[in-house]
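# Chains, contacts and geometry: an overview
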Amino acid sequence: MPTPETQPFFDAAARGELRIQRCLDCGRPFFHPRPCCPFCASADLEWFTTSGRATLYSYTITHRPAPGFEAPYAIAVVQLAEGPRMMTNIVGVENTPGNLVLDMDLRVTFEQRGDVTIPQFTPVEVA
Amino acid sequence: MTDVVIAGAAETDEIGVLPHHSTLRLHVEGARNAVADAGLRMSDIDGIASVSSPGPVMVAHALGVAPRWIDGTGVGGTSFLLHVRHAVEAIRAGHASTVLITHGESGRSRVGAARGAFPASSPNAQFEAPYGVTGPPSMFTIPLLRYMKEFGLTAEQLASVAVVQREWASRNPRARYRDPITVEDVLASKMISYPLHLLECCLVTDGGGALVVTSAERARDLPRPPVHILGTGETFESPLISQMADFTTSAAFRRSSADAFAEAGITHSDVDHVMIYDAFAHVPVYGLEDMGFVGRGEAGAFIAEGRTAPGGELPLNTNGGGLSYTHTGMYGMFLVQESVRQLRGQAAAQVPGAEVSVALGNGGMFMAAGTLVLSNHT
């Protein structure tokens, strides 16, 4: 359930954009959305659209599914090209240890879930 | 500065699967046992600490305690280590003379248990829950693959954590699982959350325990040998596992332990016995490194070589740990109970001559930490 601080993130996701915040005092980007900078506590913030590129930082493959999920599936943390990390799922590839290699390149995609749209990530095809 | 000690420590009569016990009963039973262990009466208690639910007010009310100091700090399974730290300061300040710290949890049977879901508007609910997390097994485990890649920890070394703790558990009649296991057994057990197998995940049990903390002066004429609280630390890192700064190390483990060691004025070579919260097999690996007992990337080999096992140089999780002894959901209370038993010389798997014990607690999924340095002398 979005709050006033997080609504811009979900509004952007609904348009197919991954937008996060950046501090205008110390210049550092961060995730998740919040009312002040986690590095310097400044409330002088702006939203910007990321490149949507990321790498696979770490994950687990759960064999005990949450309601509405079909196990096994990976619960991943990706590192955005801009620096911050976020939790996500990896879609478009069977979630096996062989397919999911740490530091592999990913790009954002979006999935409608009821009232909200959430970002997911998918492997960038190697040419 | 008033020296402060643990004068009473006891668990519930039984731990394990107790569907006939409410959560409140587990608190009350542990509390009565601990106060009796201290040689005190409930009317001597003037401070109380506990984590919800049911919380310190409900527990104090049930016991007929009228406290002048209350602490309900709730940072997950390490809360009780923070309560000990806070009780030390309260006693030194004169806000209380004798503090009771209680834990009870129907983690297995869920009798009167609170639901653990995050509020819908929390960052956890908005930015982690949509990805299908199902509590600790699918969250606490996420950093491990990054650690394995960075430091070359092998699946066999990780499995050895469970094997060694079962060795300790086999010496402890109260441990739930006591049959010896091998690395092969661990790796052949069911995959729960890759790369962790069933035998690398903690138990889920019912149980409780309590501690009585008072001044060394007050404890002088009490029956048990006092356990001195030499140093303490507490901190948190992030309520979201995805926002840990570095998945190969816990900043909370490092900071709380550095503070506790500094306050105690000890070095690692002074430590005879260690308890590290082991909700999953990788947590003691992080803990040994983050406390500084071994260098970065060395803990897997250290454990696999038997150096924390019976007869090893650094006895670790001597009750069998959360993997084999018990794990109610907030296991921190049981860390302290085993440290106290070791320092009193009354542990089932007693470490000969143990004088200094360190307990490191985890709260949430690498969210918070508390560290205690305890000793049977000042």
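The structure presented is a predicted model; accordingly, all values stated were derived computationally and were not measured.

Each value, and the rule that gives it
Residues numbered from 1 in each chain as written. Chains lettered and ligands numbered in written order. Predicted model: local features only at pLDDT ≥ 70, side-chain atom pairs only at ≥ 80, totals over all residues. Heavy atoms only, no water. UniProt positions renumbered as here; feature names shortened; annotations may be inferred. Helix = DSSP H or I, 4+ residues; strand = E, 2+ residues; numbered from the N terminus. 1 Å grid on protein atoms, 1.4 Å probe; cavity = no way out; pocket = protein on both sides within 12 Å on 5 of 7 lines; lining within 4 Å. Points joined across faces, edges and corners; volume = space filled by probe spheres on them. Nonpolar A, V, L, I, M, F, W, Y, C, P; charged D, E, K, R; others polar. Contact = heavy atoms within 4.5 Å. Buried area = accessible area lost by both parts, 1.4 Å probe. Salt bridge = Lys/Arg side-chain N within 4 Å of Asp/Glu carboxyl O. Polar contact = N/O pair within 3.5 Å; in protein donor to acceptor, adjacent residues only side chain to side chain. Pairing = 2+ DSSP bridges. Buried < 20%, exposed > 50% of the residue type's maximum accessible area, 1.4 Å probe, protein only. Axes fitted to C-alpha atoms, helices over the stretch in contact; angles between N-to-C directions.

### A closer look at the UniProt feature "domain: Thiolase C-terminal" (unreviewed entry) in chain B
- Under the feature "domain: Thiolase C-terminal" (unreviewed entry), the UniProt entry names residues 233-376 of chain B.
- Spanning residues 233-376 of chain B, this segment combines 32% helix with 17% strand, and its end C-alpha atoms are found 19 Å apart.

### Regarding the layout of surface pockets
- The calculated volume of the second largest pocket comes to roughly 450 Å³.
- The residue makeup of the lining of the second largest pocket, split by class, is 10 nonpolar, six polar and five charged.

### Looking at the interface of chain B and chain A
- On the chain A side, the residues contacting the 32 residues of chain B number 36 residues.
- Contact between chain B and chain A buries roughly 2900 Å² in total, counting both sides, with carbon and sulfur atoms accounting for 60%.
- The tally of links from chain B across to chain A stands at two salt bridges.
- Of the charged contacts, one joins Lys149 of chain B and Asp103 of chain A as a salt bridge, the two residues approaching to 2.7 Å between their closest N and O atoms.
- At the boundary of chain B and chain A, one finds 20 residue pairs in polar contact (both at pLDDT 80 or more).
- If you list the elements that add at least two residues to the side of chain B that touches chain A, you get α4 (123-127), α5 (136-139), α6 (144-151) and β5 (191-194) of chain B.
- In this structure, strand β4 (residues 53-62) of chain A lies alongside β5 of chain B, joined through two bridges in antiparallel fashion. The partner of Ile61 of chain A across the bridge, within β5 of chain B, is Tyr194 of chain B.

### With respect to the side chain of Thr371 of chain B
All names here are of chain B.
- Looking at where Thr371 falls in the secondary structure, it is placed in strand β11 (residues 368-375).
- When its relative accessible area of 0% is taken as the criterion, Thr371 is described as buried.
- There is a polar contact of 2.7 Å between the side chain of Thr371 and the side chain of Ser256.
- Each residue touching Thr371, except ones within four places of it in the same chain, is listed here: Leu81, Gly231, Thr232, Gly233, Ser256, Ser257, Ala260, Val358, Ala359 and Leu360.

### Details of empty space enclosed by the protein
Residue and element names in this part refer to chain B.
- Under the counting rule described, the total for this entry stands at one cavity of 30 Å³ or more.
- Of the pockets and cavities examined, the largest cavity occupies roughly 30 Å³.
- Around the largest cavity, the lining residues are Val161, Val164, Gln165, Ile303, Thr308 and Leu316.
- Residue contributions to the lining of the largest cavity peak at three residues, all from helix α7 (residues 155-169).

### Brief notes about the UniProt feature "domain: ChsH2 C-terminal OB-fold" (unreviewed entry) in chain A
- The UniProt record annotates "domain: ChsH2 C-terminal OB-fold" (unreviewed entry) at residues 49-110 of chain A.
- In residues 49-110 of chain A, the share of helix is 0% and the share of strand is 47%. The end C-alpha atoms are 14 Å apart.

### Let's talk about the sheet that holds strand β3 (residues 69-71) of chain B
Residues and elements named next belong to chain B.
- On the basis of which strands lie adjacent, the open sheet formed by nine strands has the order β3-β2-β4-β7-β1-β8-β11-β10-β9 and mixed pairing. Edge positions in the open sheet fall to β3 and β9 (273-276), since each of these has one partner strand only. In this sheet, adjacent strand axes meet at a mean angle of 20° when their direction is disregarded.
- Two elements, strand β4 (residues 98-106) and strand β7 (residues 206-215), share nine bridges in a ladder whose sense is antiparallel. Paired with Ile101 across the two strands is Leu211, which belongs to β7.

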